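Residue-level structural notes
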Amino acid sequence: MIREMIPKIHALIFFLALSFPLPAQGEEAPRGRNPYAEILPKLVRFQQPEFLTYDELTQLADTPRPTGELKRKVDTLLRKPFISNEAAFRGARPREPYDPRFGKFLRVMSWNIEKSMKLDEAILAFTHPQGFGMLIDTGRFPPGSVGYEEALTERYLLSDVDVIILQEMDMGMKRSGYKNSPKELAEALAMNYVYAPAYLEIDRVNLGIERFQNPDGTYNRQMEELIAADPKRYLGMFGSAVLSRYPILDVQVIPLKHQGYDWYEAEKQKVSLLETARREAAETVFVETLLREMKLGGRHFFRVDLYMPALPEKKLTLINVHLEIKCLPQARESEIQEILTYIK
């Protein structure tokens, strides 16, 4: 509904908010004391794998099967998650909303945020009810209409979410303003976060190094300026994240053996589209090149354990699933079957 109501926020593709009752707890920690003091010494406060340099990413654009030190860095980046429990160390607490029918409950949200291209609007949706209301297309849904009120009700559900499961999160991509999307969203909401890159965006167009030749043999400087990327800010990561008001205990990322689509070799075959587009107007060139997205990496198993004192084992395990889209259902089924083998 939110996407229909607010065309400007086209990145807010879909969200699903679920609520789960929490068992009764003992006496809560006093407000002046960190509620997670006992677990803090066991937590990873901050973890970040080594980024690839821009030169290394451009090297991968032509040589997607690296060796030696570059292979080690790529493998580490696709297996070692980014973890931040800074919010827990600052004493952040879960909202744990209450309903008289079943007491306290946990609200969990899943959201495919479409490459983080409207991250600022997403933050507004979480943090600023009035600002969010101003984004609604009142021409289609005037204030007081059923649709308008439904949008505000859905936005209200965001206010007490304690766990957010996200897909299609960019880090260091031009299309999303080179933002560190999981970090910026987590800091805006005072939440802990974990981020697992699934792909490295190494298409020459994204990297800003593609050449566009005119029919007369000269190069199209206008197009090259249009796609130019900032080498100092380009990190080229695309993946999934989990944000939580509860501390993050443990994370596991395993690249899947079953991949429904090869985002490098299969997309490379689309080069003919690019060659055709080179002979068209600049606007057409830009549109056509977006049809090709060469990436290195693949879908993965992504498990996150959260510290939740109300549960019997004080732990809640989440699996963040983002299945392949460019494949037949049988390939997605194979991915699901493999994911299930890792769940114990």
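From a predicted model like this one, the values you see are computed outputs, not experimental measurements.

Once that is clear, we can look at the pairing of strand β8 (residues 237-244). Most of β8 sits inside the fold, with 8 of its 8 residues counted as buried. Here strand β6 (residues 163-171) pairs with β8 via 7 bridges, running antiparallel. Residue methionine 171 lies in a different strand from β8, and its bridge partner there is methionine 237. Sheet topology places strand β7 (residues 192-201) next to β8; 8 bridges connect them, and they run antiparallel. Each bridged residue has a counterpart across the sheet, and for tyrosine 195 the counterpart in β8 is alanine 241.

Residues of helix α8 (residues 181-189) that are buried: Ser181, Pro182, Leu185, Ala186 and Leu189. One side of α8 carries all its buried residues, which in axial view fall inside an arc of 120°. Elements in contact with the buried residues of α8: α5 (119-127), β6, β7 and β8. Phi turns positive, to about 55°, at alanine 190, one or two residues after α8.

In this section: the environment of glutamate 210. In this structure, glutamate 210 sits in the loop between α9 (204-207) and α10 (221-227). Among the residues examined, glutamate 210 registers a relative accessible area of 8% and is labelled buried. Each C-alpha atom, one on glutamate 210 and one on glutamate 224, is 7.1 Å from the other, the two residues being 14 residues apart in sequence. A polar contact of 3.2 Å, which involves the side chain of glutamate 210, links it to the side chain of arginine 292.

Within a pair of aromatic rings, the relevant descriptors are the distance that separates the centres and the angle that separates the planes. Within this structure, the stated rule accounts for 10 aromatic pairs. One aromatic cluster in this structure is built from Tyr199, Phe238, Tyr261 and Trp263. Above the face of the tyrosine 219 ring, arginine 211 is positioned so that its terminal group lies 3.9 Å from the ring centre. In this structure, lysine 295 is placed above the aromatic ring of tryptophan 263, and the distance from its NZ or CZ to the ring centre is 4.4 Å.

Here the focus is the pattern of salt bridges. Close approach of charged atoms allows side chains with opposite charge to pair. Summed over the entire model, instances satisfying the criterion amount to 30 salt bridges. Linking aspartate 120 and lysine 179 is a salt bridge whose minimum nitrogen-to-oxygen distance equals 3.4 Å. In this pair, aspartate 120 sits in helix α5 while lysine 179 sits in the loop between β6 and α8, placing the two residues 59 residues apart along the sequence. Three or more residues are tied together by salt bridges with common partners; here these are Glu50, Glu56, Glu69, Arg72 and Lys73.

This next bit is on unusual backbone geometry. Even without a glycine there, the phi angle at glutamate 168 is positive, about 60°. Locating glutamate 168 in the fold gives a position in strand β6. Notably, tyrosine 178 is not glycine yet its phi reads approximately 60°, a positive angle. For tyrosine 178, the position within the fold is in the loop between β6 and α8.

To continue, consider the nonpolar core. One finds Leu60, Ile164, Leu166, Leu200 and Leu243 to be the most contacted residues of the largest nonpolar core, which totals 49 residues. Looking at this core element by element, the count peaks at 5 residues for α5. Beyond its immediate stretch of four places on either side in the chain, leucine 200 contacts Leu52, Leu57, Leu60, Val74, Leu77, Leu78, Gly236, Met237, Met294, Lys295 and Leu296. Formed by 26 residues, the second largest nonpolar core is a distinct cluster that contains Leu106, Val242, Val251 and Val253.

To continue, consider empty space enclosed by the protein. Here the structure, examined in full by the defined rule, presents 1 cavity of 30 Å³ or more. Volume-wise, the largest cavity comes out at about 40 Å³. Lining the largest cavity are Ala198, Ser240, Gly298, Arg299, His300 and His322. In terms of residue class, the lining of the largest cavity is made up of 1 nonpolar, 4 polar and 1 charged.

Tracing the sequence through the fold places arginine 245 in the loop between β8 and β9 (248-255). Of the residues examined, arginine 245 reaches a relative accessible area of 5% and is grouped as buried. A polar contact is formed between the side chain of arginine 245 and the backbone oxygen of leucine 189, at a distance of 2.9 Å. Not counting residues up to four positions away in its chain, the partners in contact with arginine 245 are Tyr36, Ala92, Arg93, Pro94, Arg95, Val161, Asp162, Leu189, Ala190, Met191 and Asn192.

What you see with strand β12 (residues 315-319) is a clean split: Leu316 and Leu318 sit on the buried side and Lys315, Thr317 and Ile319 on the side with no burial. Pairing analysis gives 5 bridges linking strand β11 (residues 300-307) to β12, with the strands arranged antiparallel. Within the sheet, the bridge partner assigned to tyrosine 307 lies in β12 and is lysine 315.

This part takes up helix α2 (residues 54-62). Because each turn of an α-helix spans 3.6 residues, side chains separated by three or four positions end up pointing in the same direction. Turning to α2, its buried residues are Tyr54, Glu56, Leu57, Thr58, Leu60 and Ala61. Buried residues along α2 sit against α3 (68-77), β7, α9 and β10 (295-297).

Cut-offs and rules
Residues numbered from 1 in each chain as written. Predicted model: local features only at pLDDT ≥ 70, side-chain atom pairs only at ≥ 80, totals over all residues. Heavy atoms only, no water. Buried < 20%, exposed > 50% of the residue type's maximum accessible area, 1.4 Å probe, protein only. Helix = DSSP H or I, 4+ residues; strand = E, 2+ residues; numbered from the N terminus. Pairing = 2+ DSSP bridges. Arc of directions from axis to C-beta. Contact = heavy atoms within 4.5 Å. Polar contact = N/O pair within 3.5 Å; in protein donor to acceptor, adjacent residues only side chain to side chain. Phe/Tyr/Trp six-rings, centres within 6.5 Å; stacked < 30°, edge-to-face > 60°. Lys NZ or Arg CZ within 6 Å of the ring centre and 35° of its normal. Salt bridge = Lys/Arg side-chain N within 4 Å of Asp/Glu carboxyl O. Core = buried A, V, L, I, M, F, W, Y, C linked by side-chain atoms within 4.5 Å. 1 Å grid on protein atoms, 1.4 Å probe; cavity = no way out; pocket = protein on both sides within 12 Å on 5 of 7 lines; lining within 4 Å. Points joined across faces, edges and corners; volume = space filled by probe spheres on them. Nonpolar A, V, L, I, M, F, W, Y, C, P; charged D, E, K, R; others polar.

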